[in-house]
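# Fold and geometry: a report
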Amino acid sequence: MGDRFIFGNAYLLQDVKQRVAGETLHWQRMNMPFATTRAEQVALIRQFCTEMEEEMRKPVAQGGQVPDDPMSIIEVEQLSGISTYFPL
């Protein structure tokens, strides 16, 4: 279940990157290692968050709007969600 959560977020990030770049949406096979420990899973989600923050700068530069503090939302919702799949 946790792998689906992580891969789902990876595909969402891919989708956002394509949309921001103005590309036609298409699914690409992702070559990602499995995160086997809770620490690896959290690190992977945080990596996605960092990449998403970088993508967010692009629409803002074009006059778009994004949440003021998206990491706080991600920390609460995403990382607490992962603990549902991988309790301590």
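Use the structure listed above.
### Focus on the overall build of the protein chain
Across its full length, the protein chain holds 3 helices and 0 strands. Order of helices (α) and strands (β) in the protein chain, N terminus to C terminus: α-α-α. A total of 88 residues make up the protein chain; the buried ones form 27% of that total. Pairs at least 24 residues apart make up 63% of the contacts formed inside the protein chain by residues separated by at least 6 positions. Put simply, the protein chain shows about 6,200 Å² of open surface, and 55% of that area lies on carbon and sulfur atoms.

### Digging into the nonpolar core
Judged by nonpolar contacts, Phe5, Ile6, Ala10, Leu13, Met32, Ala35, Leu44, Ile45, Phe48 and Cys49 together constitute the single largest core of 10 residues. At the level of secondary structure, the elements contributing two or more residues to this core comprise helix 1 (2-20) and helix 2 (38-61).

### Observations regarding helix 2
Over its 24 residues, helix 2 runs 35 Å from end to end, which matches the ideal 34 Å to within 8%, given 1.5 Å per residue. Just downstream of helix 2, Gly63 is the residue with a positive phi angle, here 95 degrees.

### Quick notes on the pattern of salt bridges
What the rule picks out here adds up to 3 salt bridges. Ionic pairing is found between Glu55 and Lys58, a salt bridge with its closest N-O pair at 3.2 Å. Of this pair, Glu55 and Lys58 both sit in helix 2, separated by 3 residues, roughly a single helical turn. With relative accessibility at 42%, the residue Lys58 sits in the partly exposed group.

### Focus: the environment of Asp3
Structurally, Asp3 is set in helix 1. Asp3 gets classed as partly exposed once you look at its relative accessible area, which sits at 30%. Between the C-alpha atoms of Asp3 and Ala35, which are 32 residues apart in sequence, the distance is 7.8 Å.

Rules and cut-offs
- Sequence positions are assigned chain by chain, starting from 1 and proceeding in written order.
- The model is predicted, so local features are restricted to residues of pLDDT at least 70 and side-chain atom pairs to those at 80 or more, both for listing and for counting; the totals for chains, interfaces and linings are taken over all residues.
- As a convention, hydrogens and water are excluded, and side-chain values are obtained from all of the structure's heavy atoms.
- Under the DSSP-based scheme used, a helix requires at least four consecutive residues in state H or I and a strand at least two consecutive residues in state E, with every element numbered from the N terminus.
- For every residue, the accessible area obtained with a 1.4 Å probe (protein chains only) is divided by the maximum for its type, and the residue is called buried under 20%, exposed over 50%, and partly exposed between those limits.
- We call two residues contacting when some pair of their heavy atoms lies within 4.5 Å.
- Note on areas: these come from Shrake-Rupley sampling with a 1.4 Å probe, and a residue is covered only by the protein chains present in the view.
- Definition used in this section: a nonpolar core is a set of buried Ala, Val, Leu, Ile, Met, Phe, Trp, Tyr and Cys residues joined via side-chain atoms within 4.5 Å.
- Expected helix span is computed as 1.5 Å times (number of residues minus one).
- Take a side-chain nitrogen of Lys or Arg and a carboxyl oxygen of Asp or Glu: if they are within 4 Å of each other, that pair is a salt bridge.

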